[in-house]
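A look at the structure
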Amino acid sequence: GNSVTQMEGPVTLSEEAFLTINCTYTATGYPSLFWYVQYPGEGLQLLLKATKADDKGSNKGFEATYRKETTSFHLEKGSVQVSDSAVYFCALGNYGQNFVFGPGTRLSVLP
Amino acid sequence: EPEVTQTPSHQVTQMGQEVILRCVPISNHLYFYWYRQILGQKVEFLVSFYNNEISEKSEIFDDQFSVERPDGSNFTLKIRSTKLEDSAMYFCASSPGGLIDYGYTFGSGTRLTVV
């Protein structure tokens, strides 16, 4: 079946540091890949997505590239801010099936 | 930007009581979902709903759960006899089509606390 693995958190960084959150997946066929963000006390917000291999999703300075050869979709940001502190979920969607979420990675950015 | 609206934002109920969680999906969306997140744990699929019937459900979605679209706008999740382990954040989501290229739009969630 489909599954998503994320790096264990929490991740603690200083402001302006470079961020990478690793995500790998297992799936049949050609899934679409997503990153969702959950700010403290809020719901899930779509951060970015990629629907086919080599696509790069980007939003708010975050980006992730769909790598079919390594089955990965790592999230990166060049310079994090305190306001980026949240839980980040990698997710996979496959035609005819429902979303599968990774366990989430908590990011704390210190001023 | 269109939103998925969930009410209430927080509900406290006694064990054994029935609760109904309400959701208003985006108006032109056709597929509706419930997910839950037990505190500090992963987001888990409960059920999907299309064309006025359940299209898929997980092992979690047992006989104490039911979903309904009572009118053209609301989508509800009912838990008949709540247990302590039902305490979680419940998220409603909708999407315009079965293809998942769009991603789901999630509501802000209802935090259910069973005491």
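Please refer to the structure placed before this passage.
Residues numbered from 1 in each chain as written. Chains lettered and ligands numbered in written order. Predicted model: local features only at pLDDT ≥ 70, side-chain atom pairs only at ≥ 80, totals over all residues. Heavy atoms only, no water.

As a volume, the largest pocket reaches approximately 530 Å³. Among the elements of the structure, strand S6 (44-50) of chain A together with strand S1 (5-7) and strand S10 (105-106) of chain B are those that each provide at least two residues to the lining of the largest pocket. Tallying contributions element by element places S6(A) first for the lining of the largest pocket, with three residues. Classifying every residue of the lining of the largest pocket by side-chain character gives 10 nonpolar, nine polar and three charged. Roughly 330 Å³ of volume is contained in the second largest pocket. With three residues, strand S10 (residues 86-93) of chain A is the single largest residue contributor to the lining of the second largest pocket. Looking at the lining of the second largest pocket, its residues break down into nine nonpolar, six polar and three charged. (1 Å grid on protein atoms, 1.4 Å probe; cavity = no way out; pocket = protein on both sides within 12 Å on 5 of 7 lines; lining within 4 Å. Points joined across faces, edges and corners; volume = space filled by probe spheres on them. Helix = DSSP H or I, 4+ residues; strand = E, 2+ residues; numbered from the N terminus. Nonpolar A, V, L, I, M, F, W, Y, C, P; charged D, E, K, R; others polar.)

Turning next to the sheet that holds strand S8 (residues 75-79) of chain B. Strand pairing in a sheet relies on backbone hydrogen bonds, with the paired strands running either antiparallel or parallel. All names here are of chain B. Across the sheet, four strands lie side by side as S1-S3-S8-S7; this open sheet has antiparallel pairing. This sheet does not close on itself; its edge strands, each paired only once, are S1 and strand S7 (65-68). Looking at each pair of strands side by side, their axes are set apart by 20° on average, direction ignored. Both S1 and strand S3 (residues 19-24) contribute to a ladder of three bridges, which runs antiparallel. (Pairing = 2+ DSSP bridges. Axes fitted to C-alpha atoms, helices over the stretch in contact; angles between N-to-C directions.)

Attention now goes to the side chain of A:Ser72. All names here are of chain A. By the secondary structure assignment, Ser72 is in the loop between strand S8 (62-65) and strand S9 (75-77). You can call Ser72 buried: its relative accessible area is 4%. Here Thr70 takes part through its side chain, which lies 2.8 Å from a polar atom of the side chain of Ser72. Apart from the residues within four sequence positions on either side, Ser72 is in contact with Cys23, Thr24, Tyr25, Leu33, Thr65, Tyr66 and Arg67. (Buried < 20%, exposed > 50% of the residue type's maximum accessible area, 1.4 Å probe, protein only. Polar contact = N/O pair within 3.5 Å; in protein donor to acceptor, adjacent residues only side chain to side chain. Contact = heavy atoms within 4.5 Å.)

Glancing now at the interface of chain A and chain B. Frequently, the measure chosen for interface size is the accessible area that the parts lose on association. Each side of the interface is counted separately: chain A has 21 residues, and chain B has 18 residues. Across the chain A/chain B interface, buried area totals approximately 1,600 Å², and carbon plus sulfur atoms make up 58% of it. The largest per-residue losses of area from chain A upon contact with chain B belong to A:Leu44, A:Asn98 and A:Phe101, which jointly make up 34% of the total buried on that side. Here chain A is connected to chain B by zero salt bridges. Mapped onto the side of chain A that touches chain B, the elements with two or more residues apiece are strand S5 (32-38), S6 and S10 of chain A. Per-element tally for the side of chain A that touches chain B: the top contributor is S5(A), with four residues. Class assignment for the residues of the side of chain A that touches chain B results in nine nonpolar, 10 polar and two charged. (Buried area = accessible area lost by both parts, 1.4 Å probe. Salt bridge = Lys/Arg side-chain N within 4 Å of Asp/Glu carboxyl O.)

All right, on to the nonpolar core then. The tendency in soluble globular proteins is for nonpolar side chains to be buried side by side. Ranked by size, the top nonpolar core spans 26 residues in total, and within it A:Leu19, A:Trp35, A:Leu47, A:Leu48, A:Phe73, A:Leu75 and A:Tyr88 carry the most contacts. Secondary structure elements with two or more residues in this core: strand S2 (11-14), strand S3 (19-21), strand S4 (23-26), S5, S6, S8, S10 and strand S12 (105-110) of chain A. If one sorts the elements of this core by residue count, S10(A) sits on top with four residues. One finds B:Cys23, B:Val47, B:Val67 and B:Val114 within the second-largest nonpolar core, a separate group that totals 21 residues. (Core = buried A, V, L, I, M, F, W, Y, C linked by side-chain atoms within 4.5 Å.)

The final tally for this structure, using the stated rule, is four salt bridges over all chains. Here A:Glu63 makes a salt bridge to A:Lys56, at a shortest N to O gap of 3.5 Å. For the salt bridge of B:Glu44 with B:Arg36, the shortest nitrogen-to-oxygen distance reads 3.3 Å. Classification of B:Arg36 by relative accessible area gives buried; the value is 10%.

Honestly, that's just the spatial picture; any functional story needs more than this.
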